[in-house]
Amino acid sequence: TTTTAAATTSSCLVVSVLTASSNSGKECVKHLLRLAYIGSSGDSNDNASENSTEVKDTINCSGGGRVKVRAVFRTEDKAVGVVEELKELFGVELVEQCVDVVVGADASSLESLADAFVGADVAVIVTPIGSEGFAHDATLSTNMITSAVREGHVKHIVHVGSWTVHEADTLSLLAQRFVSSEELLEELERDEETSLKGWTVLRGGYFNTNFAHIFPPQMKDGNTTIRFPSVVVPPCDPRDIGKVAAVVCIDVLNAQRSGTDATDADVSVQRHRNRHYEISGPRCFTTKEIVECISKVTGIPLAYEAVSASSLGSVVPPYLAQLLQFLEEKGEDAIPLSSDVEDIVGQVMTLEEWVQEHKHLFIPK
């Protein structure tokens, strides 16, 4: 199932997604296939209607070109599972014709990233989460951006970052993963000697998946009381980041295809150039409302008890203590509430929909 970038033909417009095993990266690959070949915006949930062997090219098909999605992974193990999932959803023929799989991309080694970006028109770069600390994550992210532009000659980068850059001083431990990447994108785009003509930054918000990590450990041995600081967040599905990234990529490619000069008219005329999008859910919830939503969907009679963020300072990692203190103090002003997902994608996953899909995560084993 593994190919290399060399399989891409010159008639293709290429989107490189690194890494395609992350939640947002994998969803970006899926949604790119929906938009470019299925011709549908796609529901929030994967569905059987996508499983088709008919390969359609809905992106400016009169121009004679195709979209090639390059799914980039660090290891073969991560690639195999994603590729099999794509084949199950979209059919073997479509995936084999329209998806290149690149394995061996190690962001700590610029040389290993060559196949990830060579010949790519647009790149989606997801900030990695490694085991060596947030500062190292930032280095890996800037390495990917540098390689995409210096070696791959990518014209537009969609970068998956975080809302925490708004509070780079107060939330210094988390924000350090993302600030340098945003600064580098601006620097490279201003440099007329580079290939980069534009960038789009997707600032991820507070993820629904956090609740699946925080609450279930408290729901063991018959306990039905959730203890957590009283905060207000607009929770979002990380897959919505991938959907927004895919729409941005398709818009950029359409602009490239319609431009009279592929280097000057490509991204300069499209609406996502040098934009920051805030990825949030459609509304804010208090912790109490979140617990009530989970209780309603799962049928588990949960109760909520507020505890102070300061009381958790000695039992959670420093970055989380910093975050909880900030969320508690700022209330509904802590995390940006935005309509960007709905404006760009046309739909947004609600908290209740997400819990319904993932309620098995909250039911005690």
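J.: Explain the overall build of the protein here, please?
T.: Scanning the protein for helices and strands turns up 13 helices and 11 strands. Counting every position in the protein, which comprises 365 residues, the buried fraction comes to 53%. Partitioning the contacts of the protein with sequence separation of at least 6, the portion at a separation of at least 24 is 78%. As presented, the protein carries roughly 15,400 Å² of accessible surface, and 48% of it is formed by carbon and sulfur atoms.

J.: Which parts of the structure should I look at to understand the confidence of the model for the protein?
T.: Any region with low pLDDT has predicted coordinates that should not be read closely. Taken residue by residue, the protein gives an average pLDDT of 87. The fraction at 70 or more is 86%. Contacts from residues 260-269, a stretch scored under 50 in pLDDT, to residues over four places away or in other chains number 20 contacts.

J.: Just checking my understanding: could you explain the environment of A116 for this structure?
T.: Mapped onto the fold, A116 is located in helix α4 (residues 114-117). Considered as a pair, A116 and A105 are 11 residues apart in the sequence and their alpha carbons are 6.9 Å apart.

J.: What is the right way to read helix α2 (residues 76-90) from this model?
T.: Residue pairs three or four apart in sequence face the same way in an α-helix, which turns once every 3.6 residues. For α2, built from 15 residues, the straight-helix expectation of 21 Å at 1.5 Å per residue is met to within 8% by its first-to-last C-alpha distance of 21 Å. Along α2, the residues that are buried comprise A79, V82, V83, L86, K87, L89 and F90. Axial view of α2: buried residues confined to an arc of 160 degrees, hence all on one face. Opposite the packed face of α2, turned more than 90 degrees from it, sit the exposed residues D77 and E88. Contacts made by the buried residues of α2 are with α1 (23-38), β2 (66-73), α3 (92-98) and β3 (99-103). Looking at the residues trailing α2, positive phi occurs at G91, about 95 degrees.

J.: Looking at this structure, how should I read the packing of helix α5 (residues 134-150) against helix α7 (residues 179-190)?
T.: Close contact between α5 and α7 brings their axes to 9 Å; oriented N to C, the two are set at 20 degrees. It follows from the interaxial angle that α5 and α7 lie roughly parallel. Once α5 is placed against α7, the crossing between them reads as right-handed. Between α5 and α7, the residues in contact are A138, S141, T142, I145, T146, V149 and R150 and S180, S181, L184, L185 and L188, respectively. Looking at the contact of α5 with α7, its residues break down into six nonpolar, five polar and one charged.

Rules used in this analysis
Residues numbered from 1 in each chain as written. Predicted model: local features only at pLDDT ≥ 70, side-chain atom pairs only at ≥ 80, totals over all residues. Heavy atoms only, no water. Helix = DSSP H or I, 4+ residues; strand = E, 2+ residues; numbered from the N terminus. Buried < 20%, exposed > 50% of the residue type's maximum accessible area, 1.4 Å probe, protein only. Contact = heavy atoms within 4.5 Å. Areas by Shrake-Rupley, 256 points an atom, 1.4 Å probe, with all protein chains shown as cover. pLDDT = per-residue confidence, 0-100. Expected span 1.5 Å × (residues − 1). Arc of directions from axis to C-beta. Axes fitted to C-alpha atoms, helices over the stretch in contact; angles between N-to-C directions. Parallel < 35°, antiparallel > 145°, perpendicular 65-115°, else oblique. Left-handed = near helix turned anticlockwise from the far one by under 90°. Nonpolar A, V, L, I, M, F, W, Y, C, P; charged D, E, K, R; others polar.

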